[in-house]
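An overview of the molecular structure
Residues per chain are reported as follows:
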Amino acid sequence: MSLDRFARASLAHLPTPLEPMANLSRLLGGPNLWVKRDDCTGLAMGGNKARQLEFYFGDALAQGADTVIITGAVQSNFVRQTAAACAKLGLACEIQLEHRVSNDTREYAASGNVLLDRLLGARIHYLPEGEDEQAADAALEAIADRVRSEGGRPYVIHLAPGHPPLGALGYVVAMEELLSQMAGRDLEFDAVVLPTGSAATHAGTLVGLRIQESSVRVIGACVRRERSLQVPRVLRQALATAELAGDPGIVAEDDVVVFDDWLGPGYGQATPEMKEAVTLAARQEGLLLDPVYTGKSMAALIGLARRGYFGGNANVLYLHTGGTPALFGYSSMLEDI
Ligand SMILES: Cc1ncc(COP(=O)(O)O)c(C=O)c1O
């Protein structure tokens with residue numbers, strides 16, 4: 001596989017560690033759990049978006065952009081890492097924060113990722129809607145028009161599907177890294193569990209594994225929308241990613257595995273299982289998870305293990321996608337742990 005024709009900016013600390021989760025495995029009585037530490041990608045406190053941004057910023061620089069524009073929830077990790085990449089590469093950053101979560105605490109509005117966005121020098125805009133991806137993208141285009149009218153050269157990272165999923169290529173490449181780490185340890189995984197939101201990580205992981213002829217099952221834990229909406233989204237993004245990577249047809253619908261049993265009432269809303277997962281990961285493994293993405297995907301991993309879904313001797317990989325600063329933005333949600 002060669003993705004050399006895509007421009008790529010160097011932003012992430014790679015390779016990220018692959019570690020056993022011995023205590024959690026023992027506590028659950030199997031399977032054998034491992035963690036891929038993509039919370040350690042660097043770039044202003046790490047996370048999965050650093051890998052995705054390497055392709056977006058490669059494209060932005062190739063196009064001669066001087067400003068990058070992005071949208072996300074108020075406590076978005078994608079937005080925070082974009083602001084960091086802009087600072088590192090000397091570009092201006094305009095970010096749009098959507099009111100996607102009803103949380104009126106001061107720390108949600110001002111701490112965690114928002115504090116870092118400000119520190120990193122991003123110009124912040126707010127969007128009252130939080131569920132309309134087309135409207136969010138249209139508002140980004142309005143910001144881009146303004147930047148252009150002031151003589152700037154904007155680059156927009158869109159939210160809604162329908163644009164080339166450049167970010168997913170970050171996870172296509174990540175699977176080369178993972179497979180070589182597995183080979184180095186003579187380790188085979190039966191499944192990988194990850195959070196599935198925009199689906200860039202899910203699509204890239206699936207396509208990257210299949211291109212390299214690995215049949216590891218990829219299990220997405222819904223963090224944003226229910227399964228009936230997420231499955232077609234993942235499939236669409238996976239097909240587009242496969243095409244972009246030059247291997248159309250490498251994925252099919254029956255390869256898209258998604259659970260929404262641990263989503264709870266919705267995006268950024270607490271569940272008892274999320275709180276248990278955040279607490280267990282911290283106290284058993286010293287791992288910091290966040291309430292929105294990694295807490296729910298870890299809850300899915302724990303819940304599936306307890307159901308006997310994997311089989312006791314399976315090797316299962318948890319992809320830790322980061323989100324650490326959001327812990328502080330959502331700290332009131334975890335007051336009772
Ligand atoms: C910490 C974290 N994990 C997972 C995700 C979901 O990844 P994706 O949008 O690629 O589905 C996000 C998205 O913002 C995130 O910030």
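Residues numbered from 1 in each chain as written. Predicted model: local features only at pLDDT ≥ 70, side-chain atom pairs only at ≥ 80, totals over all residues.

Section: the overall build of the chain
Along its length, the chain carries 12 helices and 10 strands. The globule rule puts the C-alpha radius of gyration for 337 residues at 20 Å, and the 19 Å found for the chain is close to it. Based on the C-alpha atoms only, the size of the chain along its principal axes is roughly 60 × 50 × 35 Å. Across the 337 residues that make up the chain, the buried fraction comes to 52%. When contacts within the chain are restricted to residue pairs at least 6 apart in sequence, those whose partners lie at least 24 apart make up 79%. (Helix = DSSP H or I, 4+ residues; strand = E, 2+ residues; numbered from the N terminus. Rg over C-alpha atoms; globule rule 2.2 N^0.38 Å. Buried ≥ 20, exposed ≤ 12 C-beta atoms within 10 Å, placed from the backbone. Contact = placed C-beta atoms within 7 Å.)

With respect to the environment of V156
Its place among the elements puts V156 in strand β6 (residues 154-157). For V156, a count of 21 C-beta atoms within 10 Å gives the class buried. C-alpha separation for the pair V156 and L179, spaced 23 residues apart in sequence, amounts to 32 Å. Ignoring anything within four residues of it in the chain, the contact list for V156 reads I69, L140, E141 and A144.

Focus: the site of the ligand
For the ligand, the set of nearby residues contains 17 residues, the closest of which are N77, S198, Y293, T321 and G323. Contributions of two or more residues to the shell around the ligand are made by α3 (77-89), β7 (191-196) and α8 (200-211). Top element by residues in the shell around the ligand is α8. It accounts for three residues. Grouping the amino acids of the shell around the ligand by side-chain chemistry returns five nonpolar, 12 polar and no charged. (Near = placed C-beta within 6 Å. Nonpolar A, V, L, I, M, F, W, Y, C, P; charged D, E, K, R; others polar.)

What to know about the packing of helix α2 (residues 49-62) against helix α7 (residues 168-185)
Contact pair α2 / α7: the axes reach a minimum separation of 7 Å and the direction vectors enclose 120°. Classified by the angle their axes make, α2 and α7 are oblique. At the point where α2 passes α7, the crossing takes the right-handed sense. Here R51, Q52, E54 and F55 of α2 come into contact with α7, specifically with L169, G170, Y171 and A174. (Axes fitted to C-alpha atoms, helices over the stretch in contact; angles between N-to-C directions. Parallel < 35°, antiparallel > 145°, perpendicular 65-115°, else oblique. Left-handed = near helix turned anticlockwise from the far one by under 90°.)

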